[in-house]
Amino acid sequence: FLEDRYRVRLQKIQDYESRVSPGAAGPGKAGGLGRVLVIDHPLIQHKLGLVRDKNTSVKDFRELVQEIAGLMVYEVTRSLSLEEIEVHTPLGPTKAFSLSGKKMAVVPVLRAGLGMVEGILRLIPNAKVGHIGLYRDPHTLEPVEYYCKLPGDIEDRDIYVVDPMLATGGSAAAAIELVKRQGGKRISLVSLIAAPEGVERVRGQHPEVDIFTAALDSHLNDHGYIVPGLGDAGDRLFGTK
Ligand code: URA
């Protein structure tokens, strides 16, 4: 369903990606180029179809967003490092693996990002959670911070900034900037649906950040909504209009 003008834009992103060797840049590795990863797992794509459906109830929408966010964690955390340990099964000792002391932080961008947090914490329950609140200045249309509370040791953590819709990229880029200003270094952005405009903006401002999404959609409409997208994620999560 991509219109031609957006096909060109998407091609640009794909060309850019093809120059980045897979795994060359781990999540937020300082100095490395980040990646744009569209996670096309069938379960994620099936559930994404359900959240796109305008007839999906608030209850189901909420549950599905958490489930998709949880499923995305598998890919988002794929490059975490492991260390070998010894454990004792009922039958004797064996070598096994343990995450090698990695500390993580999930940072939802208020308010829609909240809809993804529980799903992620189900998989990484020891992650700390920071919050970033931004509103759009009606004159400049640029995001302005109204709340930012991050874990004190943010510089030691792998940080997952979460926002279901990567639309213009203005909020996501500003949220990443806030995390960096507080010392965050290894940052990934996790969204359910991204527009090429948003991907370009975040890549332009934060080229080392990995961007994970379940879909790269066609374009933004005149109101900044992703087309086809799923509508207003915050309203659909919280039942507001
Ligand atoms: N935010 C949303 O919730 N939906 C969009 O399509 C764009 C921004």
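Named according to an unreviewed UniProt entry, the protein is Uracil phosphoribosyltransferase originating from Aminomonas paucivorans DSM 12260. Turning to the protein, the UniProt annotation filed under Function (unreviewed entry) states: "Catalyzes the conversion of uracil and 5-phospho-alpha-D-ribose 1-diphosphate (PRPP) to UMP and diphosphate."

S.K.: Tell me about the pairing of strand S4 (residues 103–110), and name the residues and values.
M.R.: Most of S4 is tucked away, with six of its eight residues classed as buried. Inspection of the sheet shows S4 paired to strand S8 (residues 157–162) by six bridges, in the parallel sense. Considered in S8, the bridge of Val107 is made with Val161. Note on the crossover from S4 through helix H4 (residues 114–123) to strand S5 (residues 128–129): the handedness is right-handed. Sheet topology places S4 next to strand S6 (residues 131–136); two bridges connect them, and they run parallel. Across the sheet, residue Val109 finds its bridge partner in S6, namely Ile132.

S.K.: Describe the packing of helix H5 (residues 170–181) against helix H6 (residues 196–205), naming the residues involved and giving the relevant values.
M.R.: H6 packs onto H5 with a crossing angle of 25° between their chain directions and a minimal axis gap of 8 Å. When the axes of H5 and H6 are compared, the pair comes out roughly parallel. For the element pair H5 and H6, the recorded crossing hand is right-handed. On H6, the residues that touch Gly170, Ala172, Ala173, Ile176 and Lys180 of H5 are Arg201, Val202 and Gln205. Considering only residue class, the contact of H5 with H6 consists of four nonpolar, two polar and two charged.

S.K.: Tell me about the pattern of salt bridges, and please be specific about residues and values.
M.R.: In the structure shown here, the tally under the stated rule is 13 salt bridges. With a closest N to O distance of 2.8 Å, Arg52 and Asp217 form a salt bridge. One end of the pair, Arg52, is in helix H2 (residues 42–52); the other, Asp217, is in the loop between strand S11 (210–216) and strand S12 (219–220), with 165 residues separating them in the sequence. Judged by its relative accessible area of 23%, Arg52 falls in the partly exposed class. According to the relative accessible area criterion, Asp217 is buried, its value standing at 1%. Notably, a salt bridge pairs Asp158 with Arg186, separated by 2.5 Å at the nearest N-O pair. Separated by 28 residues along the polypeptide, Asp158 in strand S8 and Arg186 in strand S10 (residues 186–194) bring together distant segments of the chain.

S.K.: A description of the UniProt feature "binding site: uracil" (unreviewed entry) in the protein should follow, citing residues and the corresponding values.
M.R.: The positions that UniProt labels "binding site: uracil" (unreviewed entry) are, in the present scheme, Ile226, Gly231, Asp232 and Ala233. You can see Gly231 is positioned in the loop between strand S13 (226–227) and helix H7 (233–238). When near neighbours in sequence (up to four residues on either side) are disregarded, Gly231 contacts Met165 and Tyr225. Take Asp232: it is sitting in the loop between S13 and H7. Other than its neighbours up to four places away in sequence, Asp232 contacts Arg111 and Tyr225.

S.K.: Describe the side chain of Thr213, listing the residues and the values that go with them.
M.R.: The residue Thr213 is located in strand S11 in this model. Judged by its relative accessible area of 0%, Thr213 is buried. A polar contact is formed between the side chain of Thr213 and the backbone nitrogen of Ala194, at a distance of 3.4 Å. Sequence-distant contacts of Thr213, that is, excluding residues within four places in its chain, are made with Leu37, Val38, Ile39, Met72, Ser191, Leu192, Ile193 and Ala194.

Cut-offs and rules
- Residues numbered from 1 in each chain as written.
- Predicted model: local features only at pLDDT ≥ 70, side-chain atom pairs only at ≥ 80, totals over all residues.
- Heavy atoms only, no water.
- UniProt positions renumbered as here; feature names shortened; annotations may be inferred.
- Buried < 20%, exposed > 50% of the residue type's maximum accessible area, 1.4 Å probe, protein only.
- Helix = DSSP H or I, 4+ residues; strand = E, 2+ residues; numbered from the N terminus.
- Pairing = 2+ DSSP bridges.
- Right-handed = clockwise from strand over helix to strand, strands pointing away.
- Axes fitted to C-alpha atoms, helices over the stretch in contact; angles between N-to-C directions.
- Parallel < 35°, antiparallel > 145°, perpendicular 65-115°, else oblique.
- Left-handed = near helix turned anticlockwise from the far one by under 90°.
- Contact = heavy atoms within 4.5 Å.
- Nonpolar A, V, L, I, M, F, W, Y, C, P; charged D, E, K, R; others polar.
- Salt bridge = Lys/Arg side-chain N within 4 Å of Asp/Glu carboxyl O.
- Polar contact = N/O pair within 3.5 Å; in protein donor to acceptor, adjacent residues only side chain to side chain.

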